[in-house]
Structure formats: C-alpha cells, structure tokens
Amino acid sequence: MRRRHEVPVYRPDIYSPQAILDPYPHYAKLRELGPVVWLPRRKVYALPRYAECKAVLLDDKTFVSGDGVALNPVTNRLSRGTTLNSDGEDHAARRARVANRLTPRALRAMTDVVERQAAEIVDTALERCTVDGVEVAAALPMSVVPDLVGWPEEGREHLLRWGAATFDVLGPLNGQAIQAIPDGLGMMRFAHTVAKRRKVLPGSMGDDLLRAADAGELAHAECPALMIDYLAPSLDTTLSAIASALHLFATHPGQWQLLKDDPGLIPNAVNEVVRFESPLRAFSRKVARDTEIAGTALPAGARALVLYASANRDALKWDDPDTFDIRRNAAHQLGFGHGTHGCAGQGLARLETQAMLRALVARVDRIEPAGPPEWARNNIIHRLGRLPIELIPA
Amino acid sequence: MKISADYDRCEGHGLCAEQAPAIFELDDDAELVHHFDGSDIPPEQLAAARAAVTACPVAALRELP
Ligand code: HEM
Ligand code: SF4
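Residue numbers here run from 1 along each chain, matching the order of that chain's written sequence. As a convention, the first chain written is A and the first ligand written is 1, with the rest following in written order. Reporting in this predicted model follows two pLDDT cut-offs: at least 70 for local features of residues, and 80 or more for side-chain atom pairs to be given and counted; totals over whole chains, interfaces and linings ignore these cut-offs and use all residues. Only hydrogens and water are removed before side-chain values are computed, so all heavy atoms of the structure are retained for them.

Draft legend 1. Geometry of the overall build of chain B. Runs of E in the DSSP output that reach at least two residues are strands. Runs of H or I that reach at least four are helices, and both are numbered from the N terminus. Secondary structure assignment for chain B yields two helices and four strands. Order of helices (α) and strands (β) in chain B, N terminus to C terminus: β-α-β-β-α-β. Radius of gyration here uses only the C-alpha atoms, and the compact-globule reference equals 2.2 Å multiplied by the residue count raised to the power 0.38. For chain B, the C-alpha radius of gyration of 10 Å lies close to 11 Å, the compact-globule estimate for 65 residues. Reported as C-alpha extents along the three principal axes, the dimensions of chain B are approximately 30 × 20 × 20 Å. Per-residue burial over chain B gives 49% buried out of 65 residues. Look at the contacts in chain B between residues 6 or more apart in sequence, and 62% of them connect residues 24 or more apart. A positive count includes Lys and Arg, and a negative count includes Asp and Glu. His and the chain ends are not counted in either. One atom stands in for each charge, and that atom is NZ of Lys, CZ of Arg, CG of Asp or CD of Glu. Separation between the mean location of the 4 positive side-chain charges and that of the 13 negative ones in chain B comes to 13 Å. Accessible area is worked out with a 1.4 Å probe on protein chains only. A residue is then buried under 20% of its type maximum, exposed over 50%, and partly exposed in between. Note on contacts: a residue pair qualifies if any of its non-hydrogen atoms lie within 4.5 Å across the two residues.

Draft legend 2. Spotlight on the site of ligand 2. If even one non-hydrogen atom of a residue comes within 4 Å of a molecule or strand, that residue is called near it. The environment of ligand 2 is formed by 13 residues, the closest being Cys 10, His 13, Gly 14, Cys 16 and Cys 56 of chain B. Looking at the shell around ligand 2 residue by residue, the class counts come to nine nonpolar, three polar and one charged. Only Asp, Glu, Lys and Arg are considered charged in this grouping, and only Ala, Val, Leu, Ile, Met, Phe, Trp, Tyr, Cys and Pro are considered nonpolar; every other residue, Gly among them, is considered polar.

Draft legend 3. Just the site of ligand 1, in detail. Residues and elements named next belong to chain A. By nearness alone, 27 residues border ligand 1, and His 91, Arg 285, Tyr 308, His 341 and Cys 343 come closest of all. Between ligand 1 and the protein, one listed contact pairs an oxygen atom with a backbone N or O atom of Thr 83 at 3.4 Å. Looking at the shell around ligand 1, the element that brings in the most residues is helix 13 (residues 236-251), giving three residues. Of the residues assigned to the shell around ligand 1, the class counts are 14 nonpolar, ten polar and three charged. Pairs of N or O atoms within 3.5 Å make up the polar contacts considered here, provided that, within protein, one atom can donate a hydrogen while the other can accept it, and that residues adjacent in sequence are counted only when both atoms are side-chain atoms.

Draft legend 4. Looking closely at the packing of helix 7 (residues 111-127) of chain A against helix 8 (residues 133-149) of chain A. Residue and element names in this part refer to chain A. Helix 8 packs onto helix 7 with a crossing angle of 150° between their chain directions and a minimal axis gap of 10 Å. Here the hand of the crossing between helix 7 and helix 8 comes out right-handed. Across from Val 114, Gln 117, Ala 118, Ile 121 and Ala 125 in helix 7, the residues of helix 8 making contact are Val 136, Ala 139, Leu 140, Ser 143 and Val 144. Of the residues assigned to the contact of helix 7 with helix 8, the class counts are eight nonpolar, two polar and no charged. Working convention: axes come from line fits to C-alpha atoms, limited for helices to the stretch in contact. Angles between N-to-C directions cover 0 to 180 degrees. Here is the rule for handedness: rotate from the far helix to the near one, and if that takes an anticlockwise turn smaller than a right angle the crossing is left-handed, while a clockwise turn gives right-handed.

Draft legend 5. Expanded view of the environment of Asp 168 of chain A. All names here are of chain A. By secondary structure assignment, the location of Asp 168 is in helix 9 (residues 159-168). A residue is classified by how much of its surface remains accessible, and Asp 168, at 7% relative accessible area, is buried. Sequence separation of Asp 168 and Asn 378 is 210 residues, and the distance between their C-alpha atoms is 5.5 Å. Every residue in contact with Asp 168, bar those within four places of it in the chain, is listed here: Gln 176, Ala 177, Ala 180, Arg 377, Asn 378 and Asn 379. A polar contact of 3.1 Å, which involves the side chain of Asp 168, links it to the side chain of Gln 176.

Draft legend 6. Broad picture of the side chain of Gln 176 of chain A. Checked against the element boundaries, Gln 176 of chain A lands in helix 10 (residues 175-196). If sequence neighbours within four positions are ignored, Gln 176 of chain A has contacts with Ile 20, Asp 168, Arg 377, Asn 378 and Asn 379 of chain A.

Draft legend 7. Quick look at the packing of helix 10 of chain A against helix 12 (residues 223-231) of chain A. Residue and element names in this part refer to chain A. Following both chains from N to C, one finds helix 10 and helix 12 inclined at 120°, their axes separated by 9 Å at the closest point. Viewed along their axes, helix 10 and helix 12 adopt a mutual orientation that is oblique. For the pair helix 10 and helix 12, the crossing hand works out as right-handed. Within the contact between the two elements, helix 10 uses Met 187, Met 188, Ala 191, His 192, Val 194 and Ala 195 and helix 12 uses Cys 223, Pro 224, Met 227, Ile 228 and Leu 231. Taken together, the residues that form the contact of helix 10 with helix 12 break down as ten nonpolar, one polar and no charged. An angle below 35 degrees is read as roughly parallel, one above 145 as roughly antiparallel, one from 65 to 115 as roughly perpendicular, and any other as oblique.

Draft legend 8. Structural detail: the sheet that holds strand 8 (residues 303-306) of chain A. All names here are of chain A. Taking strand neighbours across the sheet as the criterion, the five strands line up as 1-2-8-5-3 in an open arrangement whose pairing is mixed. The open sheet has two free edges, formed respectively by strand 1 (37-39) and strand 3 (63-64), since each of these has just one partner strand. The rule for pairing is simple: two strands pair if DSSP sees at least two bridges between them. Bridge analysis of strand 2 (residues 44-47) against strand 8 gives three bridges, and the strand direction is parallel. Bridging from a neighbouring strand, Ala 46 pairs with Leu 305 of strand 8.

Draft legend 9. Seen up close, the packing of aromatic side chains. Residue and element names in this part refer to chain A. Two rings belonging to Phe, Tyr or Trp (six-membered ring only in the last case) form a pair when the distance between their centres is within 6.5 Å. Interplanar angles under 30 degrees mark stacking, angles over 60 mark edge-to-face geometry, and anything in between is tilted. Inspection of the entire model under this criterion finds nine aromatic pairs over all chains. With a centroid separation of 5.5 Å and an interplanar angle of 75°, the aromatic rings of Phe 249 and Phe 324 are classed as edge-to-face. Remark: Phe 324 occurs in the loop between helix 16 (308-311) and helix 17 (346-363) and Phe 249 occurs in helix 13; sequence separation between them is 75 residues. According to the relative accessible area criterion, Phe 249 is buried, its value standing at 1%. Residue classification places Phe 324 among the buried positions, given a relative accessible area of 3%. An aromatic cluster is defined as three or more aromatic residues linked by ring pairs; in this entry it consists of Phe 249, Trp 256, Phe 276 and Phe 324.

Draft legend 10. Main features of the nonpolar core. Residue and element names in this part refer to chain A. As used in this record, nonpolar core signifies buried Ala, Val, Leu, Ile, Met, Phe, Trp, Tyr and Cys residues forming a set joined through side-chain atoms within 4.5 Å. Counting 74 residues, the largest nonpolar core has Phe 249, Leu 259, Leu 348, Leu 357 and Ile 367 as its most contacted members. Among all residues touching Leu 357, those that are not within four sequence positions of it are Ala 245, Phe 249, Leu 259, Ile 266, Ala 269 and Val 270. Leu 170, Leu 280, Val 287 and Val 306 belong to the second largest nonpolar core, which has 28 residues in total.

Draft legend 11. Spotlight on the interface of chain A and chain B. Opposite the 18 residues of chain A that make contact, chain B presents 19 residues. Buried surface area refers to the total accessible area, computed with a probe of radius 1.4 Å, that the two partners give up upon joining, counted for both partners together. Carbon and sulfur atoms make up 45% of the area that chain A and chain B hide from each other, which totals about 1500 Å². Looking at the side of chain A facing chain B, the largest losses of area belong to Arg 105, Arg 108 and His 332 of chain A, adding up to 34% of the total buried there. We count a salt bridge whenever a side-chain nitrogen from Lys or Arg sits within 4 Å of a carboxyl oxygen from Asp or Glu. Connecting chain A to chain B are one salt bridge. Here Arg 95 of chain A makes a salt bridge to Glu 11 of chain B, at a shortest N to O gap of 2.9 Å. The interface formed by chain A and chain B holds seven residue pairs in polar contact (both at pLDDT 80 or more) in total.

Structural measurements only, silent on function.
See the structure below:
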C-alpha cells in the first residue's frame, strides 16, 4: 500500500484566484497523477477520478460529513446542525424534513407555475436585444425558491450575495473565504431573526419547520440552520446550471439545433450541462478510520476532497469527456453528488433548468454570443458572472 | 441477478425509470414501482438494470447476487 510520501503530490493551489476561474486544466493534471493526490497547500487527499469519488460518496461510514465538508475548521464548526454536515440518524432525520417538500412528488404541484414563470422570463428577455444571460438565469430561481422556503420579502435582495458567501466559506480559508465571512454571517443572523420573529410566509417550508418545532418534533434552535439548508444551496447552483446551459448552447449551435429538433432531449441535456460545467466543484469528507483508496493508505482524521467537477471529466469514465454532447447518456454524472448526501434539491434544480430550456426552445430560434463571458470567483461554485448573449426570436 | 429497492430512501427522482423503463416505473403519485422486486432480472435487461442502479442519485437501489 502507498503511504503519504509515496502518494503523488500536486503543489499548485487549485483554490488560487486564477485556478478557480479556470479549474479544468488543474483537474486534468490531477487525474493524470493518479487516483489519490496529496495537495500540500490544503493538506487534503484529492480524488480527481470518477470511480474513487463515487466509492467515497457511497461509503458514508468511513468518509463522514459530520465534522464538516468544508476545507477549513472554522466553517466546519459553524455549519453544525445542517443536513450537509451530519451523519447517520441525525442526517436521516434532517434530510427527511428538508427533502419531503423537495421530492419530485411534492414538486409536481409546482410544475405549471414554474413553467409559466419560465415562459414570462424568456418573453421579457426577448423584448431586449442583447441580455446578460446571468440575469436571465437568476430570474427563475429567485422567483421560485424564496417563496417555497417562505423567506420574507424583506432581505431578498441580499440572498444571492449571502448564498454565494455561504459557499465561499466552505472552501479553504483563503482571501476569497475571508472576504465572504461577513456576508456568510449575515445570512445566519437573518435566518435567526426570521425564525425568532416567525416572519416566514404561511404554508411554506419554513412555516412547516416552525410548526414542527412547536409540536416538539425538533428544537426551535435547529430551525435557522435548516432554513439555510433550503436557501443557501438553492440559488447560485441552479443559476449556474441555467447560465451554463445558455452559454453552452450559444457556443454549440449544432447542439442547440438538436435540442430544437427533439425537445425530448431536455432532461438529459440538463444532466450533460451539470456534467460539463459542474456548478459545485468539490466538498470534502473526514476519514473516520484508517482505510485505503485505490491502494493508497488514508489515516483516520485525514481529509479527502471529492472533486465532482473533475470526476465528470474523467476519460476513464466518459468518452471524449471534454466534448459537450447532449446525446451522451449523462445520467451517471456526479454533479449533484451521490448516495446518502446526494443533492436533496436536484428535483427542483432539474425542474427549473428544464423549464427554462423548454421555454427557450419554444420561443427562441438561436442564442448568439454577444461578447466575452466572465466567470465569477467563488471557492465552491463554478458559475458565470456575466454572459452577454443575443436571443433571436423564433 | 436481483435488485432490491429501499422504498424509504427513494425520493422519486425517476432516473432509474429513464435507464430501465421495463423494470422501474413511477406511478401517478410518483411512487416507485419495481416490476422485478424479489425476482430475477431478465438477461436482456441486465445492462439497463445495472445502469439504473448506478444512476439512482440517492443509492436506493442495490444489486443482489
Ligand atoms: C444545479 C443545481 C444544484 C447542484 C449542482 C447541487 C449540487 C449538490 C451537491 C454536489 C450536493 C452533495 C453534497 C455532498 O456530497 O456533501 C448537494 C447537496 C444538497 N443540496 Fe444541492 N445542488 C443543486 C441545487 C439544489 C437546490 C435547488 C436545493 C434546495 C432547494 C439543494 C439542496 C441541497 C441540500 C439540502 C443538500 C444536502 C443533502 C444532504 O447532505 O443530505 N440543492 N447539492
Ligand atoms: S432513481 Fe432512485 S430515487 Fe429515483 S425513483 Fe429510482 S429508486 Fe427512487
């Protein structure tokens, strides 16, 4: 078995400002080095390939989330109490609470409303000549999610910024994360106020939570963290997927034509977008007991970094992984994670992204680039920050 | 080969039904229907069945020997 000094080492920082804007060349080098690569700057074992990422996600007894999934101890302590940061029974109980309003079953009732909102968003965009695809992409998550969670009208203008900050602090404690701390705390403070003053919209998920707390099913003190569970991961991620879809179809007109010719490809196109430009780069796990991955010994207490975005470009798993092709079977992509902690909101994310694509396919003839896109800087979320495009009406 | 389904864990994402429509289906209430629960998967369906097991995003399906 390989011990630490024999494990391949990658010295460049994959969380440097430059690397988070353009991570894929780093991931390619990591995959080439091996299935387990030590990152001395971040003191973690990176898992850049598909097979090991999936195996670790499925072995949640050895690779635990309860000590945090961030790359720094501060956030790992502060995020206790969320679904993301828990194991075993605690996790199952929290997940059941968060997930039951998010299953496709529960979301069915929302489908019509979401599709109508998507259509309105595309119609509004079509009235203008060139648009920022990121604004178009933000519109649907911003109109669906806060209502669903029951977040009061007041404070909504901060949500995107707060959500992004909550992700930034899940990275290593670099400049990017430190800058985000005030906004990350802002979200927590606001969630506490919302829960304490019962400002949630009636009939919403947040309302459900507070009622469950009244009934003694959980402690009132748990409510703010659970509300953040709904909100923080639901905006930037979905925005990323929708904006990347716009960008990819603008730059791959042949793929757009395929989608126009056969809208039945839309569900798989969403999988392929999430595979190709995975909104969430990576989370970590703590190693609970001495173990090994692909012949490399990992001691208890070490951290493993599950690089979803890199696994999704692994040539050992995917043919021609750097090609965007909505005809490939992309259902096995790991962009939503996998297994016990697999994204609880993927039904909603799929619903929103598919609704946008359906609205676009019905109303737009072509999507054309109208200037260079810019990527946003965030430790965890890979998303566009600005995307000038022109929508040509059908 | 058999496939077990953990109905408590299943959240109805339906990716299994996309991969192996002859084996898995979601009914009108989006509840999982497993047409071969407790019985062997027909040989011509093995590949699709395995794809369904690995595609389930919450690992609710398991391959049994
Ligand atoms: C395209 C959009 C999205 C992507 C790419 C995404 C990605 C992910 C990933 C990779 C995980 C796994 C975390 C882990 O392995 O530790 C996760 C978990 C989670 N996501 Fe998402 N997500 C998206 C949208 C959403 C939405 C819309 C919501 C909520 C409304 C949401 C709520 C959650 C929750 C609660 C968890 C924690 C689940 C658990 O620990 O059991 N996500 N997401
Ligand atoms: S893919 Fe998994 S969660 Fe989805 S319906 Fe099938 S068994 Fe249930």
